[in-house]
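# Working through the structure, step by step
So the chains spell out like this:
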Amino acid sequence: MEFSRRARLRQAGERRELYPHSLQFYQEPPTESISLAEFESLAIDRLRLLKVVENLGVSYVRSTEIYKTKLQQELRKLKFPYKALVEDDYDARRKDHISHFILRLAYCQSEELRRWFLQQEMDLFRYRFNELTDNLRQKFLDHVNLKFEAISEDLKNEWANDLCASTPGLTMIKVKEQMFYKVGLADAVELFRARRVFIKDGFAYVPLKDIDAIVLNNYRTKLSKALALTARSLPSVQSDERLQPLLNHLSHSYIGPDYSVQKNTGKISLEQIDALAVKSFPLCMRQLHKALRENHHLRHGGRMQYGLFLKGIGLTLEQALEFWKKEFIRGKVDADKFDKGYAYSIRHNYGKEGKRTDYTPYSCMKIIMSNPPSQGDYHGCPFRHCDPELLKQKLQLYKVSSSGINQILELVKGMHYQLACQKYFELTHDIEDIGFSLNHPNQYFAESQRLLSGGREVKKEPSHLGNSQQKSSGQESINSNSTPTSSNTATDAELEGLEEYFAED
């Protein structure tokens with residue numbers, strides 16, 4: 001018994017030595033061997049966490065209690081370190097360490113990926129650093145070799161008036177309670193620019209409460225450099241045929257339900273599609289539907305993106321063949337040419353030709369990150385690929401308010417494309433908070449149908465917006481020589497039945 005107790009104590013000591021703190025700068029890469037299954041599992045959990053960090057960072061002020069509470073809940077759920085005082089959290093610290101380096105590999109592959117990863121890791125680090133107690137914060141600074149010298153009590157009392165006047169938010173009482181550190185100006189440049197620090201003889205005297213700005217700047221510099229170095233090392237990683245597919249998958253990863261599962265097959269009729277496009281399609285699919293109705297043709301990228309989406313919402317193979325054929329023969333494609341040139345690819349998408357692969361509808365990340373549209377294309381993500389002025393015109397056409405458009409354009413400017421789509425959902429369904437992270441066009445459709453059927457609480461009835469949009473849809477249909485369906489009583493009855501179906505989940 002005594003032997004096993006000693007062994008446990010020795011193992012605990014070794015673990016503490018490996019990860020002495022719950023927070024780190026990720027300077028040393030992990031050296032242990034792990035399975036490919038664990039490799040992917042750890043990476044996906046961290047990706048889930050960073051997606052939540054991104055979502056919360058846009059939805060809430062970072063210093064508020066609701067932001068902190070929601071992020072702590074996610075850290076706890078995914079078993080990452082969330083309380084610095086916990087000593088025996090080796091597994092959580094190990095997971096944090098390894099998963100960071102895996103995603104660093106996956107997200108160093110382009111400037112856009114690097115920028116996104118850096119921002120989310122910075123926000124996560126900021127939250128965790130600010131949760132440290134004063135004592136643990138000082139221990140962490142020592143651990144990462146940020147040797148900031150604390151000034152003496154005598155010097156602090158001598159400069160008390162200057163320290164109070166130069167540091168916003170500090171009273172004389174707080175000055176006496178706070179520790180102040182002598183920091184080089186190069187490290188305190190952000191505080192210096194914001195005029196939030198006392199400067200004397202080429203040094204900044206920073207209170208402990210503001211030391212986070214310096215630590216964050218230091219961390220950003222180190223992580224930016226590390227991402228650049230990792231990108232240069234990619235060729236050696238890409239030569240490993242086991243890792244490269246996993247890394248590519250992670251950088252375009254979708255973490256949600258599988259919409260290739262045809263649980264709702266046959267629940268939608270072709271006559272409903274025009275009305276559904278107005279009420280429940282995300283902007284990317286509404287754009288494709290409108291282009292198809294007007295031009296009676298879509299290029300390959302558009303056919304793949306829209307065709308798999310329609311498959312995911314319930315169109316059978318027979319319906320899909322009929323839908324595309326009817327539309328194409330209204331243009332320059334006759335029935336014989338359609339059967340020879342286009343029908344095969346539709347059957348292929350449903351797993352009836354070629355390798356018999358049952359293709360999955362595209363996720364938001366796949367649409368955003370791959371195959372950007374060129375001139376004459378309509379696929380892609382409007383929030384990612386549209387010129388801001390053109391996007392603004394589209395949103396105005398669909399009766400989005402001016403304030404709503406400004407909110408969306410701000411999110412687009414910050415490269416939060418999926419969050420812009422979430423805001424579009426909230427505005428077009430007249431709800432305050434979407435209540436979920438939007439990662440897939442088919443998720444958008446399913447949640448819309450559930451909400452419209454009464455499966456989710458709404459702020460107020462969105463009927464006025466729906467009516468104005470249906471009018472727009474009718475005009476779109478008239479322009480494309482198809483019968484407007486938004487005013488068809490039979491179709492409305494069918495849609496009610498469809499909405500009831502989606503509410504069952």
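Read on for an overview of the structure. Only a predicted model underlies this, so the values are computations on that prediction, with no experimental measurement involved. Each chain carries its own residue numbering, running from 1 in the direction its sequence is written. At least 70 in pLDDT is required for a residue's local features to be given in this predicted model, at least 80 for side-chain atom pairs to be given and counted, and no such filter applies to totals for whole chains, interfaces and linings, which use all residues. By convention in this description, side-chain values take in all heavy atoms of the structure and omit both hydrogens and water.

To continue, consider the state of the cysteines. Note on terminology: disulfide denotes any pair of cysteine sulfur atoms within 2.5 Å. Within this structure, the stated rule accounts for 0 disulfides. In this structure Cys 421 is not part of a disulfide, and its nearest cysteine sulfur, from Cys 364, lies 5.9 Å away.

In this section: the sheet that holds strand E1 (residues 149–150). Strand pairing is assigned whenever DSSP detects at least two bridges linking the two strands. In this description a helix means any DSSP run of H or I spanning at least four residues, a strand means any run of E spanning at least two, and both kinds are numbered starting from the N terminus. Pairing within the open sheet is antiparallel, and its 4 strands lie in the order E1-E2-E4-E3. The open sheet has two edge strands, E1 and strand E3 (198–200), and neither has a second partner. Bridge count between strand E2 (residues 180–184) and strand E4 (residues 203–207): 5 bridges; the pairing is antiparallel. From the neighbouring strand, Gly 184 faces E4, where its bridge partner is Phe 203.

Right, let's get into the packing of aromatic side chains. Only centres within 6.5 Å qualify two rings of Phe, Tyr or Trp (six-membered ring in Trp) as a pair; their planes then separate them into stacked at under 30 degrees, edge-to-face at over 60, and tilted for everything else. Tallying each qualifying case throughout the model produces 29 aromatic pairs. Both rings, one in Phe 309 and one in Phe 445, keep their centres 6.3 Å apart while their planes meet at 90°; by these two values the pair is edge-to-face. Taken together, the residues Phe 309 in helix H16 (residues 300–313) and Phe 445 in helix H25 (residues 441–452) connect sequence positions 136 residues apart. Each member of the pair, Phe 309 together with Phe 445, is buried. One aromatic cluster is present, formed by Phe 281, Tyr 306, Phe 309, Phe 323, Trp 324, Phe 328, Phe 338, Tyr 342 and Phe 445 through successive ring pairs. Between Lys 95 and the ring centre of Phe 80, over which it is positioned, the NZ or CZ distance is 4.9 Å. We call a charge positioned over a ring when the NZ of a Lys or the CZ of an Arg lies within 6 Å of the ring centre and within 35 degrees of the ring normal. Lying over the aromatic face of Tyr 398, Arg 286 brings its terminal NZ or CZ to 3.5 Å of the ring centre. With a 1.4 Å probe rolled over the protein chains alone, any residue whose accessible area is under 20% of its type maximum counts as buried; one over 50% counts as exposed, and the rest are partly exposed.

Attention now goes to the pattern of salt bridges. Between Lys or Arg on one side and Asp or Glu on the other, a salt bridge is scored when a side-chain nitrogen of the former is within 4 Å of a carboxyl oxygen of the latter. Across all of its chains, the model carries 26 salt bridges by this definition. Note that Asp 123 is salt-bridged to Arg 62, the shortest N-O span being 3.1 Å. Highlighted residues: Asp 123 in helix H5 (residues 111–130) and Arg 62 in the loop between helix H2 (36–59) and helix H3 (65–77), separated in sequence by 61 residues. Close ionic contact of Lys 326 with Glu 322 constitutes a salt bridge, the shortest N to O distance being 2.9 Å. Placement of both Lys 326 and Glu 322 in helix H17 (residues 317–328) is noted, with a separation of 4 residues, approximately one turn of the helix. You can call Glu 322 partly exposed: its relative accessible area is 37%. Within this structure, Arg 46, Asp 96, Glu 121 and Arg 128 form a network of salt bridges that share partners.

Let us now look at the environment of Ser 437. Residue position: Ser 437 is located in the loop between helix H24 (417–429) and H25. Taking the relative accessible area as the measure of exposure, Ser 437 reaches 29% and is therefore partly exposed. Any two residues having at least one pair of non-hydrogen atoms within 4.5 Å are treated as being in contact. Discounting residues that sit within four places of it in the chain, Ser 437 has contacts with Asn 55, Gln 422 and Gln 443. Here a polar contact is taken to be a pair of N or O atoms separated by no more than 3.5 Å, where protein atoms must pair a possible hydrogen donor with a possible acceptor and residues adjacent in sequence count only if both atoms sit in side chains. Separated by 2.9 Å, the side chains of Ser 437 and Asn 55 make a polar contact.

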